[in-house]
Amino acid sequence: MLKTKYTIEEQINNFKTKNIKFDIMDEKYAAQYLSYNTYFFKLKSFEYNETKKQYINLDFAYLVELSKIDMYLREYIIKLSLDTEHFLKVKFMYDLTNNDLEDGYNIVNIFLNKY
């Protein structure tokens, strides 16, 4: 099923129907944040709860903080992945350099023939 397209005002109203407050972060700043920093369905995924249809003491600012934590976690995972890739390449090159049975061309030919 396709999601409904909401204007920024409709997005805020949708949050309000779920009893999400705008006390810590007012609606004007929330509209700015939704316009330039994140997107509606990402924040909606943080507030999703199968058992409750309404939320108690959930402010929009808390959803923003979860969005920021998600961003920092994503950045950490990307950095960790890139560092791991680099380590594996260095280890691979070390092993090739110190293997007298490998000239560097052979392994490339094996790779090219396979893929």
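Here the focus is the overall build of the protein. For the protein, the helix and strand inventory stands at 5 helices and 0 strands. N-terminal to C-terminal, the α/β element order of the protein is α-α-α-α-α. Out of the 115 residues in the protein, the part that is buried amounts to 23%. Considering only intrachain contacts with a sequence separation of at least 6, the fraction spanning at least 24 residues in the protein is 64%. For the protein, the accessible area works out to roughly 9,600 Å², and carbon and sulfur atoms hold 59% of it.

Relative to the elements of secondary structure, Asp 59 occurs in the loop between helix H3 (40–47) and helix H4 (60–97). Within the structure, Asp 59 has its side chain in polar contact with the backbone nitrogen of Ile 24 (distance 2.9 Å). Once residues lying within four places of it in the same chain are set aside, the contact partners of Asp 59 are Ile 20, Lys 21, Phe 22, Asp 23, Ile 24 and Met 25.

At their nearest, the axes of helix H2 (residues 27–36) and H4 sit 11 Å apart, and the two run at 25° to each other. Considering their axes alone, H2 and H4 lie roughly parallel with respect to each other. With respect to the hand of their crossing, H2 and H4 are arranged in left-handed fashion. In contact with Ala 30, Tyr 33 and Leu 34 of H2, H4 contributes Phe 60, Val 64, Ser 67 and Lys 68.

Taken as a whole, this structure holds 6 salt bridges when the rule is applied. As a salt-bridge pair, Glu 65 and Lys 68 come within 3.6 Å of each other at their nearest N and O atoms. Placement of both Glu 65 and Lys 68 in helix H4 is noted, with a separation of 3 residues, approximately one turn of the helix. Its relative accessible area of 32% is what places Lys 68 among the partly exposed residues. Asp 95 serves as the salt-bridge partner of Lys 91, at 2.9 Å between the closest nitrogen and oxygen.

On to the packing of aromatic side chains. For the structure shown, the criterion picks out 3 aromatic pairs. Aromatic side chains Phe 15 and Phe 60 sit 5.4 Å apart centroid to centroid with 70° between the ring planes, which places their arrangement in the edge-to-face category. Of this pair, Phe 15 sits in helix H1 (residues 8–17) while Phe 60 sits in helix H4; the two residues are 45 residues apart in sequence, bridging distant segments of the chain. With respect to burial, Phe 15 and Phe 60 carry one shared label: buried.

Glancing now at the packing of H1 against H2. Running from N to C, H1 and H2 cross one another at 120°; their axes reach a closest spacing of 10 Å. As judged from the angle between their axes, H1 and H2 are oblique. The crossing of H1 and H2 is right-handed. Across the interface between the two elements, Ile 8, Gln 11, Ile 12, Phe 15 and Lys 16 from H1 touch Glu 27, Ala 30, Ala 31, Leu 34 and Ser 35 from H2. Considered class by class, the residues forming the contact of H1 with H2 number 6 nonpolar, 2 polar and 2 charged.

Quick notes on the rules
- Residues numbered from 1 in each chain as written.
- Predicted model: local features only at pLDDT ≥ 70, side-chain atom pairs only at ≥ 80, totals over all residues.
- Heavy atoms only, no water.
- Helix = DSSP H or I, 4+ residues; strand = E, 2+ residues; numbered from the N terminus.
- Buried < 20%, exposed > 50% of the residue type's maximum accessible area, 1.4 Å probe, protein only.
- Contact = heavy atoms within 4.5 Å.
- Areas by Shrake-Rupley, 256 points an atom, 1.4 Å probe, with all protein chains shown as cover.
- Polar contact = N/O pair within 3.5 Å; in protein donor to acceptor, adjacent residues only side chain to side chain.
- Axes fitted to C-alpha atoms, helices over the stretch in contact; angles between N-to-C directions.
- Parallel < 35°, antiparallel > 145°, perpendicular 65-115°, else oblique.
- Left-handed = near helix turned anticlockwise from the far one by under 90°.
- Salt bridge = Lys/Arg side-chain N within 4 Å of Asp/Glu carboxyl O.
- Phe/Tyr/Trp six-rings, centres within 6.5 Å; stacked < 30°, edge-to-face > 60°.
- Nonpolar A, V, L, I, M, F, W, Y, C, P; charged D, E, K, R; others polar.

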